[in-house]
Amino acid sequence: MTPERRFSSFRDSVARTRVLVVGDVMLDRYWFGDVERISPEAPVPVVKIARTEERPGGAANVARNAAALGAPTTLLSVTGEDEAGTALERLLAADHVRTSFHRDPSLPTTVKLRVIGRQQQLLRIDFETAPSHEVLADKLADYDTLVADCDLVILSDYGKGGLAHIASMIERARAAGKQVLVDPKGDDWAKYRGATIITPNRAEFRQVVGRWRDDADLTAKAARLRADLDLAALLVTRSEEGMSLFTADGAAHFPAQTREVYDVSGAGDTVIATLGVLLGAGADITAAVRIANEAAGVVVGKLGTAVVTPDELD
């Protein structure tokens, strides 16, 4: 990567880029332990827990990635009035993320508990309930105020119900002249129409457009989808095949960084956060995608949801 395209070229501008992240948040809990025997009750390993960790997940991981790169970041979401919601606020404050949480006493905060034995994930347990429409309506009212005070909006859809009004959110942000990046979920992408960029992974993209025969067929399908949804760009993350960027100028492919893959969870959060802060800082989209691709190569070498720092990109 040429010097003018490295992250260091944009650090000062990133520090002035106000990012608003909206979406489904969750608390990622990790229980680490040793496996020395099989249970006599059932053919399952017995894990003796030695330590625990908590990290922000979902849209909260996007926000902490943006903040880790130096961008002033605000996170708007819905949580429960519970211990997990309080833990998220505490963790995000330590990560320098400003939070605007709507605390619903009838809604448990989404928690994903992972049990790790000998550095391998043995089990994941999810605790989640969709938020009420009343809470979502209140969040939409706050959204307008926060959009006016930001430079860029990232909508992180994890399909948990926190973005029920995403079509209106995109419309309002674009009307305010803001770029809008969306990490999509599910097969109904009409609700993302008018976004600046959406960043599906390979499986999510295939679910919407079907399989493709080769790169030419992939490019054709991407072009049709981009036109149908009125997107400025479409970025498909393709795991070991790297990333593919589709714009009005055509397709550009970025090979995966040659690093050891340890854990891919949260890599998409890092990609959209890095892409967003760089676009907000004035980087052209090709440079932003190249650096986001490098960031993905760094974060997959870490366990669980993690962040990339400016020094790791320079």
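Reading the values: rules and limits
- Residues numbered from 1 in each chain as written.
- Predicted model: local features only at pLDDT ≥ 70, side-chain atom pairs only at ≥ 80, totals over all residues.
- Heavy atoms only, no water.
- Core = buried A, V, L, I, M, F, W, Y, C linked by side-chain atoms within 4.5 Å.
- Buried < 20%, exposed > 50% of the residue type's maximum accessible area, 1.4 Å probe, protein only.
- Salt bridge = Lys/Arg side-chain N within 4 Å of Asp/Glu carboxyl O.
- Helix = DSSP H or I, 4+ residues; strand = E, 2+ residues; numbered from the N terminus.
- Pairing = 2+ DSSP bridges.
- Phe/Tyr/Trp six-rings, centres within 6.5 Å; stacked < 30°, edge-to-face > 60°.
- Lys NZ or Arg CZ within 6 Å of the ring centre and 35° of its normal.
- Arc of directions from axis to C-beta.
- Contact = heavy atoms within 4.5 Å.
- Axes fitted to C-alpha atoms, helices over the stretch in contact; angles between N-to-C directions.

### Considerations on the nonpolar core
By size, the foremost hydrophobic cluster in this structure holds 55 residues, and its most contacted members are Leu-75, Leu-275 and Leu-278. Counting 32 residues, the second-largest nonpolar core is a separate cluster that includes Leu-76, Val-153, Ile-166 and Val-182.

### A look at the pattern of salt bridges
Here the idea is simple: oppositely charged side chains can pair when their charged atoms come close. In total, this model carries 21 salt bridges according to the counting rule given. Its salt-bridge partner being Glu-54, residue Arg-90 comes within 3.3 Å of it at the nearest N-O pair. Here the residue Arg-90 occupies a position in helix α3 (residues 83–94), and Glu-54 occupies one in strand β3 (residues 45–58), the gap between them amounting to 36 residues. The class for Glu-54 is partly exposed, based on a relative accessible area of 27%. Overlapping salt bridges bring together Arg-29, Glu-54, Glu-83 and Arg-90 as one network.

### Some details on the sheet that holds strand β9 (residues 179–183)
Spatially, β5-β4-β1-β8-β9-β10-β11-β12-β13 is the arrangement adopted by the 9 strands of the open sheet, whose pairing is mixed. In this open sheet, the two edge strands, each paired with only one partner strand, are β5 (97–104) and β13 (250–254). Direction of pairing for strand β11 (residues 233–237) relative to strand β12 (residues 243–247): antiparallel, over a ladder of 5 bridges. When the bridges of β12 are listed, Leu-234 appears paired with Phe-246.

### What about the packing of aromatic side chains?
All chains considered together, the criterion is met by 3 aromatic pairs. The interplanar angle of 55° and the centroid separation of 6.4 Å between the aromatic rings of Trp-189 and Tyr-192 together place this pair among those described as tilted. For Trp-189, a relative accessible area of 3% translates into the label buried. Each ring, one from Phe-205 and one from Trp-212, has its centre 5.6 Å from the other, and the planes form 55°; the classification is tilted. You'll find Phe-205 and Trp-212 in the same group, each marked buried. The ring of Tyr-30 is capped by Arg-55, whose NZ or CZ atom sits 4.9 Å from the centre of that ring. Here the guanidinium or amino end of Arg-206 rests over the ring plane of Trp-212, the centre of that ring lying 5.3 Å away.

### Looking at helix α5 (residues 166–175)
Three or more residues of α5 are buried, namely Ile-166, Met-169, Ile-170 and Ala-173. Axial view of α5: buried residues confined to an arc of 100°, hence all on one face. Exposed positions of α5 whose direction lies more than 90 degrees from the buried face are Glu-171 and Ala-175. Taken from the residues just after α5, Gly-177 is the one with a positive phi, measuring 80°.

### Quick notes on the side chain of Thr-274
Examined against the element boundaries, Thr-274 turns out to sit in helix α8 (residues 267–280). Those residues in contact with Thr-274 that lie beyond four places of it in its chain are Leu-69, Ile-291, Ala-292 and Ala-295.

### Quick notes on the sheet that holds strand β2 (residues 25–38)
On the basis of which strands lie adjacent, the open sheet formed by 4 strands has the order β3-β2-β6-β7 and mixed pairing. Edge positions in the open sheet fall to β3 and β7 (120–127), since each of these has one partner strand only. Recorded for the sheet is a direction-independent mean angle of 20° between the axes of neighbouring strands. By the bridge criterion, 13 bridges tie β2 to β3 in an arrangement that is antiparallel. Pairing of Met-26 across the sheet is with Gly-57, part of β3. The strands touched by helix α2 (residues 59–68) within the sheet are β2 and β3, with β3 carrying the most contacts at an inclination of about 65°.

### Focus on the environment of Ala-50
Along the chain, Ala-50 falls in strand β3. Taking the C-alpha atoms as reference points, Ala-50 and Asp-34, separated by 16 residues in sequence, lie 7.5 Å from one another. Here Ala-50 is in contact with Phe-32 and Gly-33, once residues within four sequence places are set aside.

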